[in-house]
Amino acid sequence: MNETESVDTTGEAALPPSADVVVVGAGIAGLCAAVVAAERGAKVVILDAHEPGGRASTVTRDGFRLNVGAHGLYRGGNLTRFLAARDLEPAGGIVSSSSIDVLLDGTVHHLAMNPLGLLRNPVLRPKSRVRMAALFARMPRMKTAALTGRSVSDWLGDEPQDLQRFMEMFIRLSTYTHAPDQFDAGAAAGQLQMAFKGVRYVDGGWIRIVESLRHRAVAAGATVISHAEVTRVESTGNRNEVSLGEQCISASAVVIAAGGPDVAARLTGATVAGHENLTQPVAASVLDLGLQRPHEGLLLGMDQSVYLSPHAPLADLAPAGHGLVTVMRYLAPGESAGDPVSAKAQLRDVAQRCGIADDDIVLERALHRMVVTHGAPTAAGGGLLGRPTIQALGLSGVFVAGDWVGPSGLIADASAASGELAGTAAAALCASMVR
Ligand SMILES: Cc1cc2nc3c(=O)[nH]c(=O)nc-3n(C[C@H](O)[C@H](O)[C@H](O)COP(=O)(O)OP(=O)(O)OC[C@H]3O[C@@H](n4cnc5c(N)ncnc54)[C@H](O)[C@@H]3O)c2cc1C
């Protein structure tokens, strides 16, 4: 091979006239769907309006690798399982759960997460500490499905108020969802239970996960086409037409993994069954701070829905000797992030309370309001089992996937699980047509 030749591992190509399966969207959901369908022998084309990655993208600024806000990979979750089954688990640092700092009444309290530390818990009254110890002890064996149909507020309603707020703080941390009156307790407790298995911050950022899924899909024969915005998906019996403006590709099956239910509805003109069982999109206001030197300590707000976590050097996301922290405010579903200047000032104030001085900061990036998930499962909607299914559009051969779809997992784990289900169903449909 001479210097100008290279092997194309991206799988990029011109739009072919047809495919077995067209996947719309190359985020985690679309890539998982494409991997599974291609592994099962389907001819797969993946189209993304931008570069692959979606909300699992990472950008590099001055040597700092910035995810779309704080991203932790749940070691017990569906995405890890999907990656591990293909030997694609990324390298990174496991978040220590030995202690946390709790922000309450404007003061930072240090809390050792061991039996003695928890019994001396400075943010709970003595009676609440005993109840909390009992709740934490029960948690690993708890049958969380039995809580389905009850809201978080209802589940914790018999506990003292300080313990309710304490538990809600951990629920926000593991689910991003700040909606105790609506959020299904079965889903919340299941995620908390899973979070105890640990979280990994990924070296190089989540784009590494995206790249490995993309390469896996391409190795299995899939074609990826970036900057290809789908404008319409039409289901016509046993063929589906996918339009990109003037251009068109036909497919036996289509997986729409292009973000939320609103996009799936807009592209097809169909109604998404079960969307009423979700909260409004769950969003966060984010501030990434590149630091001169590493900072230690995870901070959670107990009376404010805020978070601060050092992502580097735990994971390789910053230049040598530097640190990277992400500060966030969890927004209630539908809540505005307020005006950008005050939203950022509030997050800077949280950093300051943690001892991060202005002089320490060498890079700052604010994301004013980012959608973390396109809807959390509500108690009234039956929890995870009430979420829209992959066939929620009711169109033959058209499936949906994303962090609001299917009976398993939350946030990216829901995208991975529903992507896997949709890719499997799409490939099975193609195989049945050949027979
Ligand atoms: C601040 C923040 C923090 C988060 N933290 C975590 C975390 O710690 N752990 C975790 O598990 N998850 C986390 N998440 C959630 C996680 O990032 C998402 O759930 C997941 O990445 C969603 O993947 P997706 O494929 O379903 O959707 P997306 O990533 O939104 O992908 C959709 C893709 O479709 C493409 N697209 C849209 N419209 C079209 C069109 N018309 N034609 C073609 N392509 C189109 C888009 O370009 C995009 O690439 C976080 C998210 C945010 C915002």
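Just above sits the structure.
Predicted model only: the values in this text are computed from it and were never measured.

Examining the sheet that holds strand S6 (residues 92-94)
Reasoning step 1: Spatially, 3 strands are ordered S5-S9-S6 in an open sheet, and the strand pairing comes out antiparallel. Two strands bound the open sheet, and with one partner strand each, they are strand S5 (73-74) and S6.
Reasoning step 2: Across 2 bridges, S5 lies against strand S9 (residues 199-202) in antiparallel orientation. Residue pairing across strands places Tyr74 opposite Val199, the latter belonging to S9.

Section: helix H8 (residues 207-219)
Reasoning step 1: For H8, which comprises 13 residues, the first-to-last C-alpha distance of 18 Å matches the rise-based estimate of 18 Å (1.5 Å per residue) to within 8%.
Reasoning step 2: Residues Ile207, Ile209, Val210, Ser212, Leu213, Arg214, Ala217 and Val218 constitute the buried set of H8.
Reasoning step 3: Within two residues after H8, Gly221 carries a phi angle of roughly 105 degrees, on the positive side.

A closer look at the layout of surface pockets
Reasoning step 1: Within this model, the second largest pocket holds a volume of roughly 750 Å³.
Reasoning step 2: Together, 32 residues line the second largest pocket, and Ser97, Phe170, Leu173, Ala195 and Phe196 are the ones closest to its centre.
Reasoning step 3: Contributing elements (two or more residues each) for the lining of the second largest pocket: helix H3 (115-119), helix H4 (126-138), helix H6 (161-175), helix H7 (185-195), S9, strand S16 (306-312) and strand S17 (323-330).
Reasoning step 4: Element by element, the count of residues in the lining of the second largest pocket is highest for H6, at 4 residues.
Reasoning step 5: In terms of residue class, the lining of the second largest pocket is made up of 25 nonpolar, 7 polar and no charged.

Comments concerning the environment of Glu296
Reasoning step 1: Among the secondary structure elements, Glu296 is positioned in the loop between strand S14 (282-291) and strand S15 (299-301).
Reasoning step 2: Taking the C-alpha atoms as reference points, Glu296 and Tyr74, 222 residues apart in sequence, are found 21 Å from one another.

Here's the deal with the site of the ligand
Reasoning step 1: Near the ligand, the surroundings consist of 35 residues, among which Asp48, Arg55, His71, Gly72 and Tyr176 are the closest.
Reasoning step 2: A distance of 2.7 Å separates an oxygen atom of the ligand from a polar atom in the side chain of His71.
Reasoning step 3: Gly72 places a polar main-chain atom, nitrogen or oxygen, 2.8 Å from an oxygen atom of the ligand.
Reasoning step 4: When the ligand sits alone it has 1000 Å² of accessible area, and the protein chains cover 94% of it.
Reasoning step 5: Those elements giving two or more residues to the shell around the ligand turn out to be helix H1 (28-39), strand S18 (361-373) and helix H11 (411-434).
Reasoning step 6: In this structure, the shell around the ligand is formed jointly by two domains, domain 1 (18-56 + 207-277 + 383-434) and domain 2 (74-203 + 279-373), each of which donates at least three residues.

Let's talk about the nonpolar core
Reasoning step 1: Judged by nonpolar contacts, the single largest core of 71 residues is most densely connected at Val21, Val44, Ile46, Leu47, Leu79 and Leu213.
Reasoning step 2: For this core, the element with the most residues is H1, which contributes 10 residues.
Reasoning step 3: For this core, the two domains that each supply at least three residues are domain 1 (18-56 + 207-277 + 383-434) and domain 2 (74-203 + 279-373).
Reasoning step 4: When neighbours within four sequence positions are excluded, Val44 is seen to be in contact with Val21, Val23, Ala34, Ala37, Ala38, Gly221, Ala222 and Thr223.
Reasoning step 5: Residues Leu66, Ala187, Met302 and Tyr330 belong to the second largest nonpolar core, which totals 56 residues.

Section: the packing of aromatic side chains
Aromatic rings in a pair are described by how distant their centres are and how their planes are angled relative to each other.
Reasoning step 1: Scanning the model with the defined rule gives 6 aromatic pairs in all.
Reasoning step 2: Look at Phe136 and Phe166: their rings are 6.4 Å apart centre to centre, the planes differ by 35 degrees, and that puts the pair in the tilted class. With a gap of 30 residues between them, Phe136 in helix H4 and Phe166 in helix H6 connect regions that are remote in the sequence.
Reasoning step 3: Where Phe136 meets Phe170, the ring centres are 5.9 Å apart and the plane angle is 80 degrees; that geometry is what we call edge-to-face. Remark: Phe170 occurs in helix H6 and Phe136 occurs in helix H4; sequence separation between them is 34 residues. Comparing Phe136 with Phe170 shows no difference in burial state: the two are buried.
Reasoning step 4: These aromatic residues form a ring-pair network of at least three members: Phe136, Phe166, Phe170 and Phe196.
Reasoning step 5: Above the ring of Phe82, the side-chain terminus of Arg86 is found at 3.8 Å from the ring centroid.

Topic: the sheet that holds S14
Reasoning step 1: Overall, mixed pairing links the 7 strands, which are arranged S8-S7-S15-S16-S17-S14-S18 in an open sheet. A strand with exactly one partner marks an edge of an open sheet, and here the two such strands are strand S8 (107-112) and S18. On average, adjacent strands in this sheet sit at an angle of 25 degrees to one another, irrespective of strand direction.
Reasoning step 2: The pairing of strand S7 (residues 99-104) with S15 spans 3 bridges and is classified as parallel. For Asp101, the partnering residue across the bridge sits in S15 and is Leu299.
Reasoning step 3: The strands touched by helix H10 (residues 340-353) are S7, S8, S14, S15, S16, S17 and S18; relative to S14, the strand with the most contacts, the crossing angle is about 55 degrees.

Considering the side chain of Thr373
Reasoning step 1: Within the secondary structure, Thr373 is located in strand S18.
Reasoning step 2: Overall, Thr373 belongs to the buried group, its relative accessible area being 4%.
Reasoning step 3: Within polar-contact distance, the side chain of Thr373 engages the backbone oxygen of Asp403 at 3.2 Å.
Reasoning step 4: Contact partners of Thr373, with chain neighbours within four places excluded, come to Arg55, Pro281, Val282, Asp403 and Ile411.

Cut-off values and rules
- Residues numbered from 1 in each chain as written.
- Predicted model: local features only at pLDDT ≥ 70, side-chain atom pairs only at ≥ 80, totals over all residues.
- Heavy atoms only, no water.
- Pairing = 2+ DSSP bridges.
- Helix = DSSP H or I, 4+ residues; strand = E, 2+ residues; numbered from the N terminus.
- Expected span 1.5 Å × (residues − 1).
- Buried < 20%, exposed > 50% of the residue type's maximum accessible area, 1.4 Å probe, protein only.
- 1 Å grid on protein atoms, 1.4 Å probe; cavity = no way out; pocket = protein on both sides within 12 Å on 5 of 7 lines; lining within 4 Å.
- Points joined across faces, edges and corners; volume = space filled by probe spheres on them.
- Nonpolar A, V, L, I, M, F, W, Y, C, P; charged D, E, K, R; others polar.
- Near = heavy atom within 4 Å.
- Polar contact = N/O pair within 3.5 Å; in protein donor to acceptor, adjacent residues only side chain to side chain.
- Areas by Shrake-Rupley, 256 points an atom, 1.4 Å probe, with all protein chains shown as cover.
- Domains from an automatic or database assignment.
- Core = buried A, V, L, I, M, F, W, Y, C linked by side-chain atoms within 4.5 Å.
- Contact = heavy atoms within 4.5 Å.
- Phe/Tyr/Trp six-rings, centres within 6.5 Å; stacked < 30°, edge-to-face > 60°.
- Lys NZ or Arg CZ within 6 Å of the ring centre and 35° of its normal.
- Axes fitted to C-alpha atoms, helices over the stretch in contact; angles between N-to-C directions.

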